[in-house]
Amino acid sequence: MNSTTTITAAATALTVILILISPAPGANAQLSSRPIQIKNESGKRAEVYWVDPSNGQMVKQTSSFLVAGQTLELNSYVNHTFLVKEFLAGEPDECKADPPKYKSPTRSPLCRPPSEAYITVNDSDDQVIHILKDMKIKTEDSQSKAREITSSITSTCQEEVKDRISAASGRHTMDPAQVLDAFVQCAQPLVVSKLEEAQKESKAQAMMRMDMGAQWEEYTCNDFDLPTTPPKSKHYWQDDDGKEHEVGVLLNRDEAKIHYVKNFITPEECKAIEAAAAPSLHKATVADGAGGSELVKSRKAMQAGVRVPWEKEGDGDPIAVVSRRIYDYVNDVTGYNIEEAGQEDIMSIQYKGRGIDDPEPDRYRPHCDGQCNGLSFRPSGRVATMVMYCEAPSKGGATNFRNVGVHIVPEVGTAAFFSYLGSDFVTDNRLTEHSCCPVLEGEKKIAVQWLRLGVDEENPWSSFNTLGVKYSETLDQ
């Protein structure tokens with residue numbers, strides 16, 4: 001292998017690496033949805049039509065037309081197609097003559113058909129479609145930007161290494177290993193710099209998302225007529241008894257999923273959990289950040305843990321039956337393969353409404369059930385939650401996922417499922433942060449199962465503190 005071949009190989013490897021570590025398609029969008037921008041830089045007026053995939057009909061996306069310099073923002077989906085067409089006010093009279101006064105190739109420019117082009121939404125993020133002269137199309141997205149960065153770095157380093165080869169030729173010839181080392185020395189600081197820029201931008205976007213989420217939560221919690229967020233897709237899940245349950249997919253990411261599941265828990269199962277919890281109901285607490293728990297104003301409700309009588313599962317015990325349904329569903333949709341040994345009890349939680357003017361209503365402000373910091377998972381921690389609605393309030397009490405714009409209105413018998421661990425064992429970064437809107441009228445009664453990874457019969461959840469550290473390993477045991 002000569003020096004030129006080595007430089008080319010190194011540049012190719014760098015291109016592949018940078019594209020692989022660039023933001024994954026859909027990193028900021030729900031399943032297959034993609035926001036796009038269409039910028040008219042053609043110098044002419046343009047019309048934009050959506051092509052209906054079911055029948056091929058053209059649906060106009062603008063009330064009139066895009067003037068030169070105008071941008072159209074749309075929420076679309078991967079593989080959806082649009083027609084971009086030059087807007088012509090109307091043909092002059094001479095173009096309508098029969099036979100036409102002007103004929104090709106000497107036909108008047110006034111009689112030409114409008115220029116047009118088709119664009120199709122791809123699966124990359126940050127898609128900006130530029131309409132250029134004669135309706136030519138240029139698309140920018142996260143992948144094309146990564147390639148531009150790569151091209152800049154490789155061009156710079158190729159020239160630098162070639163200069164070093166030329167300078168060394170009078171003394172000695174650089175072998176392929178030395179050429180590769182020289183390329184890496186040049187490229188490494190440039191790559192690090194670009195990654196730091198991308199990380200800063202990502203953090204800025206995350207902060208903006210959370211700021212917007214706080215405002216969105218305030219609005220949605222105060223809109224008592226707001227329905228559950230429409231699902232991105234629906235399917236049916238069959239339990240062990242052969243019963244089918246409608247599933248609405250509200251968020252579908254590797255590290256963060258949110259579903260609702262219709263008719264998941266029966267009235268009998270709800271009553272059994274509520275009765276078992278009644279003797280030990282107490283004020284709800286939260287983790288205190290030091291390994292324990294505490295009462296706080298941000299969470300106001302009554303709760304009690306309910307042990308699952310697995311030994312009675314064969315006898316049809318309602319608590320054991322619904323618990324098995326929970327584990328089956330969670331394992332089916334996540335692949336976590338969680339077993340029941342060592343897991344937490346089912347938690348019965350009750351919120352009571354005391355009127356719309358209550359200054360301190362029962363509620364639970366935004367929080368995460370487990371790790372949601374985008375870091376590596378700590379074994380024994382929670383990875384999924386199943387919230388089952390046994391009683392729904394008449395006003396308030398919705399479950400809000402403010403950072404992804406998901407709002408679930410309690411419906412008796414329905415369950416809300418969400419998970420927060422990716423297949424790479426990196427946790428969700430606040431996408432499943434959620435809250436219970438203030439309960440103002442009626443009661444909200446839920447049964448909640450938190451599921452953990454890394455616990456078993458010998459190392460149950462209760463042997464760890466709220467930081468995920470075993471009590472036996474702490475200094476103050």
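You'll find the structure just up there.
What counts and what doesn't
- Residues numbered from 1 in each chain as written.
- Predicted model: local features only at pLDDT ≥ 70, side-chain atom pairs only at ≥ 80, totals over all residues.
- Heavy atoms only, no water.
- Disulfide = S-S within 2.5 Å.
- Helix = DSSP H or I, 4+ residues; strand = E, 2+ residues; numbered from the N terminus.
- Buried < 20%, exposed > 50% of the residue type's maximum accessible area, 1.4 Å probe, protein only.
- Axes fitted to C-alpha atoms, helices over the stretch in contact; angles between N-to-C directions.
- Parallel < 35°, antiparallel > 145°, perpendicular 65-115°, else oblique.
- Left-handed = near helix turned anticlockwise from the far one by under 90°.
- Contact = heavy atoms within 4.5 Å.
- Nonpolar A, V, L, I, M, F, W, Y, C, P; charged D, E, K, R; others polar.
- Salt bridge = Lys/Arg side-chain N within 4 Å of Asp/Glu carboxyl O.

Draft legend 1. Summary view of the state of the cysteines. Per the stated rule, a full pass over the model turns up four disulfides. There is a disulfide in this structure between Cys270 and Cys390, and the S-S distance comes to 2.1 Å. Residues Cys270 and Cys390 share a disulfide whose torsion about the S-S bond is about -80°; that sign makes it left-handed. You can see Cys270 sitting in helix α4 (residues 267-277) and its partner Cys390 sitting in strand β19 (residues 382-391), a full 120 residues away along the chain. On the accessibility criterion, Cys270 (9% relative accessible area) is buried. Here Cys368 is linked by a disulfide to Cys372, with a sulfur-sulfur distance of 2.0 Å. Since a negative S-S torsion denotes a left-handed disulfide, the Cys368-Cys372 link at about 85° is right-handed. By relative accessible area, which is 22% here, Cys368 ends up partly exposed.

Draft legend 2. Representation of the packing of α4 against helix α5 (residues 318-334). Contact geometry of α4 with α5 gives a least axis separation of 8 Å together with a crossing angle of 115°. The pairing of α4 with α5 is recorded here as roughly perpendicular in orientation. Both α4 and α5 take part in a crossing whose hand is left-handed. For the pair α4 and α5, the contacting residues are Glu268, Glu269, Ala272, Ile273 and Ala276 in the first and Pro318, Ile319, Val321, Val322 and Arg325 in the second. When the residues that make up the contact of α4 with α5 are grouped by side-chain class, the tally is seven nonpolar, no polar and three charged.

Draft legend 3. Region of the structure containing the pattern of salt bridges. Here the structure, examined in full by the defined rule, presents 18 salt bridges. When the shortest N-O distance is used, the salt bridge between Glu344 and Arg452 registers 2.8 Å. One end of the pair, Glu344, is in the loop between α5 and β17 (346-352); the other, Arg452, is in strand β25 (residues 443-452), and 108 residues separate them in sequence.

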